[in-house]
Amino acid sequence: MEKRLRLAPSPTGLFHIGTARTALFNWLYAKKTNGKFLIRIEDTDFLRSKSEYTKNILDGLKWLGLEWDEEPVQQSNRISIHKDYIKKLLESGAAYRCFTSEEEIIELREEQKKKGLPPKHDNRHRNLSEREIEEFISQGRNSVIRFKIDDKIEITWADQIRGEIKWQGKDLGGDLVLSRRSSGYEIGDPLYNLAVVVDDNSMNITHVVRGEDHISNTAKQILIYKALEFKLPIFSHTPLILNNEGKKLSKRDCVTSIDDFREMGYLPEALANYMSFLGWSPKTSENEILSLNEISKIFDLSDINKAGAKFNWEKLNWINAQYIKKMESSKLSEIIKKYWDNLGWKSPSSDWDLKLTTLLKDSMIILKDAIDQSKPFFSLPQIQEEGQELLKNKESKESLKHILSYLRQENIDKLDQYKAKEIINNISKSHSIKKGIVMKSLRVAFFGCLSGPDLIQSWELLSENKSDLLRIERCLISP
Ligand code: GLU
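This report concerns the structure included in the present document.

Analysis parameters
Residues numbered from 1 in each chain as written. Predicted model: local features only at pLDDT ≥ 70, side-chain atom pairs only at ≥ 80, totals over all residues. Heavy atoms only, no water. Helix = DSSP H or I, 4+ residues; strand = E, 2+ residues; numbered from the N terminus. Rg over C-alpha atoms; globule rule 2.2 N^0.38 Å. Buried < 20%, exposed > 50% of the residue type's maximum accessible area, 1.4 Å probe, protein only. Contact = heavy atoms within 4.5 Å. Areas by Shrake-Rupley, 256 points an atom, 1.4 Å probe, with all protein chains shown as cover. Axes fitted to C-alpha atoms, helices over the stretch in contact; angles between N-to-C directions. Parallel < 35°, antiparallel > 145°, perpendicular 65-115°, else oblique. Left-handed = near helix turned anticlockwise from the far one by under 90°. Near = heavy atom within 4 Å. Polar contact = N/O pair within 3.5 Å; in protein donor to acceptor, adjacent residues only side chain to side chain. Nonpolar A, V, L, I, M, F, W, Y, C, P; charged D, E, K, R; others polar. Phe/Tyr/Trp six-rings, centres within 6.5 Å; stacked < 30°, edge-to-face > 60°. Patch = residues over 30% accessible without salt bridge, like charges linked within 9 Å, V, L, I, M, F, W, Y side chains within 5 Å. Salt bridge = Lys/Arg side-chain N within 4 Å of Asp/Glu carboxyl O. Lys, Arg positive; Asp, Glu negative; His and termini not counted. Charge placed at Lys NZ, Arg CZ, Asp CG, Glu CD. Core = buried A, V, L, I, M, F, W, Y, C linked by side-chain atoms within 4.5 Å. Pairing = 2+ DSSP bridges. Right-handed = clockwise from strand over helix to strand, strands pointing away.

### Some thoughts on the overall build of the protein
Next, step 1: When its secondary structure is counted, the protein shows 20 helices and twelve strands.
Next, step 2: The C-alpha radius of gyration of the protein comes to 32 Å, more than 25% above the 23 Å expected for a compact globule of 479 residues.
Next, step 3: For the protein, buried positions account for 49% of its 479 residues.
Next, step 4: Intrachain contacts of the protein at a sequence separation of at least 6 include 77% that bridge at least 24 residues.
Next, step 5: Working note: accessible area of the protein is about 24100 Å², and carbon and sulfur atoms make up 48% of it.

In structure tokens:
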């Protein structure tokens, strides 16, 4: 039978890393089994749901390469269907109208608190007669629909990740509210646990893969499945993503939305590759740089860990750097060029762009590194303390003086790498200055410090920019 999985995000915020990882696990299993990956937008919280968040989630999924197979389902279009099922539950006696007011619920909670008991509804209206119901309605009292949960029932399921899970009916908070308050005999807006069961059933979902924070919902939902005589899907509850302190990754950790990662300069392939390791690791492959298609072949839900998955920036950075290294320079150059354009940095030619990109590629971790790393090619960097120290050395200034006069004499228009090497060798030999000193001095002239990209290739680029002479000159002028 075809396996059908889904992501059911609530569009109440930007696409979160936790939702993205859930999407990824669903997508991977659907691909592995030649099944289908579907989307259902759970937008029935009208106050908090926004269409811009739906767009953000769908854009984020596409950006990560997690395309879905059928038109996304919008839960808000299905409210009347949900209500029909609530009616069915009312008719079969599995659900009932409950008139407990907000004040009465608060009162009950207070009492329970005093006794040190967890909040639980006392199911006071479970057995109202028709006449009692009529009376409440004629008094103008609103009602919710509650689903009966037997205290003595035990709910068990074979979780693909956690093995057998058992829940006791008495621990589920009393009879479950299926719909918001409404007046008269109306049925108010259906709530999550009812809607999710009805929709998963009508979308023929075979596997529900979602975060472990939904475990108690699963217990409630199983009871609804049974009451409606629906076929149960297979459940898997994934571990939470944790921060460095072992707490659930949250907004306080600064970067949590997929947009944040995109803006910082993480590549979608790298982020998706890394996210797959948040709770799962390949059993059969040592290689950690894997495409989604490669991962889908070796992925299995039963290999996902139970324990929380710590978010590891170092690993993400390492993976991202590998993807940048692997990326075609021309493609990378286009991305980097956009940063330069935004900053108003002008480059001499597209060939120059490509050469600088190739030069910086190996030391980049995130795309934005290209800004800091290419800056010294567009503006004169300050001479730092270590540079100033070196320039105090007589031989250092000597070597720069000789290079400058040579460049002026020869009037070299465009210096290539061979010429650059030749100049360094000749100056070193003819003035008996160690090659190392010549090179370090040039580096200080170009970058103001002793570190940076390959000197010879940098010189070639700076020469084309016509700023090598200027950079050497200023070292000779400064005291
Ligand atoms: N809308 C729910 C959420 O975003 C869906 C949970 C589920 O997958 O059933 O948490």
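### Quick notes on the packing of helix 16 (residues 394-410) against helix 17 (residues 417-430)
Next, step 1: Contact geometry of helix 16 with helix 17 gives a least axis separation of 10 Å together with a crossing angle of 130 degrees. Relative to helix 17, the element helix 16 is oriented oblique. Note on packing geometry: the crossing formed by helix 16 with helix 17 is right-handed. In contact with Ser399, His402, Ile403, Tyr406 and Leu407 of helix 16, helix 17 contributes Lys419, Ile423 and Ile427.

### A look at the site of the ligand
Next, step 1: The ligand sits among Arg6, Ala8, Ser10, Glu42, Tyr192, Val196, Arg210 and His214.
Next, step 2: Here a nitrogen atom of the ligand and a side-chain polar atom of glutamate 42 are 2.6 Å apart.
Next, step 3: Taking tyrosine 192, its side chain carries an N or O atom lying 2.8 Å from an oxygen atom of the ligand.
Next, step 4: Against a free-state accessible area of 300 Å², the protein chains account for coverage of 79% of the ligand.
Next, step 5: Residues belonging to the shell around the ligand are distributed by class as follows: three nonpolar, two polar and three charged.

### Topic: the packing of aromatic side chains
Next, step 1: Tallying each qualifying case throughout the model produces 21 aromatic pairs.
Next, step 2: Relative to phenylalanine 230, the ring of tyrosine 85 lies with its centre 5.5 Å away and its plane at 70 degrees, an arrangement referred to as edge-to-face. Of the two residues, tyrosine 85 sits in helix 3 (residues 79-92) while phenylalanine 230 sits in the loop between helix 7 (215-227) and strand 10 (234-238), which places them 145 residues apart along the sequence.
Next, step 3: On the accessibility criterion, phenylalanine 230 (13% relative accessible area) is buried.
Next, step 4: Judged by centre distance (6.2 Å) and plane angle (5 degrees), the rings of phenylalanine 277 and tryptophan 280 are stacked.
Next, step 5: Among the aromatic residues, those joined into a ring-pair cluster are Tyr85, Trp157, Tyr225, Phe230 and Phe235.

### A closer look at a negative patch on the surface
Next, step 1: A contiguous patch of negative charge on the surface is contributed by Glu130, Glu132, Glu134 and Glu135.
Next, step 2: Tracing the sequence through the fold places glutamate 134 in helix 5 (residues 130-138).
Next, step 3: The class of glutamate 134 is partly exposed, set by a relative accessible area of 48%.

### Concerning the nonpolar core
Next, step 1: By size, the foremost hydrophobic cluster in this structure holds 97 residues, and its most contacted members are Leu61, Leu64 and Trp459.
Next, step 2: Here this core gets nine residues from one element, more than from any other, and that element is helix 1 (residues 17-32).
Next, step 3: If we skip the residues at most four places from it in the chain, leucine 64 touches Phe15, Ala20, Ile258, Pro268, Leu271, Ala272, Met275 and Leu292.
Next, step 4: Judged by nonpolar contacts, the second largest core, of 31 residues, contains Phe147, Ile149, Ile222 and Tyr225.

### Remarks on helix 19 (residues 455-464)
Next, step 1: When you tally the buried positions in helix 19, you get nine out of ten residues, the bulk of the element.
Next, step 2: The complete set of buried residues in helix 19 reads Leu455, Ile456, Ser458, Trp459, Glu460, Leu461, Leu462, Ser463 and Glu464.
Next, step 3: One or two positions beyond helix 19, positive phi appears at lysine 466, with a value near 60 degrees.

### Here we look at the pairing of strand 10
Next, step 1: Burial analysis of strand 10 places four of its five residues in the buried class, which makes it a mostly covered element.
Next, step 2: In this structure, strand 9 (residues 207-211) lies alongside strand 10, joined through five bridges in parallel fashion. The residue of strand 10 that forms the bridge with valine 209 is serine 236.
Next, step 3: A crossover links strand 9 with its parallel partner strand 10, the connecting element being helix 7, and its sense is right-handed.

### Quick notes on the environment of tryptophan 340
Next, step 1: Mapped onto the fold, tryptophan 340 is located in helix 12 (residues 329-343).
Next, step 2: A sequence separation of 260 residues divides tryptophan 340 from serine 80, and the C-alpha atoms of the two residues are 53 Å apart.
Next, step 3: Leaving out residues up to four positions away in the same chain, tryptophan 340 has contacts with Trp345, Ser347, Trp352, Asp353, Leu356, Ala370, Ser374 and Phe378.
Next, step 4: There is a polar contact of 2.9 Å between the side chain of tryptophan 340 and the side chain of serine 374.

### Focus: the pattern of salt bridges
Next, step 1: A complete count under the given rule lists 29 salt bridges for this structure.
Next, step 2: We note a salt bridge from aspartate 122 to arginine 124, for which the minimum N-O separation is 3.0 Å.
Next, step 3: Notably, a salt bridge pairs arginine 262 with aspartate 259, separated by 3.8 Å at the nearest N-O pair. Of this pair, arginine 262 and aspartate 259 both sit in helix 8 (residues 258-264), three residues apart, which is roughly one turn of that helix.
Next, step 4: Through salt bridges with shared partners, one network takes in Arg6, Arg40, Glu42, Arg78, Asp199 and Asp200.

### Observations regarding the sheet that holds strand 5 (residues 143-147)
Next, step 1: What the three strands build is an open sheet, ordered 4-5-8; its pairing is antiparallel. A strand with exactly one partner marks an edge of an open sheet, and here the two such strands are strand 4 (95-98) and strand 8 (176-182). Each strand of the sheet is rotated relative to its neighbour by a mean of 20 degrees, with strand direction disregarded.
Next, step 2: Sheet analysis places strand 4 next to strand 5, joined by four bridges and oriented antiparallel. From the neighbouring strand, cysteine 98 faces strand 5, where its bridge partner is valine 144.

### What about unusual backbone geometry?
Next, step 1: Even without being glycine, glutamate 229 reaches a positive phi, approximately 60 degrees.
Next, step 2: By relative accessible area, glutamate 229 is classed as exposed at 74%.
Next, step 3: One non-glycine residue, lysine 466, adopts positive backbone phi at about 60 degrees.
Next, step 4: The residue lysine 466 is located in the loop between helix 19 and helix 20 (468-477) in this model.

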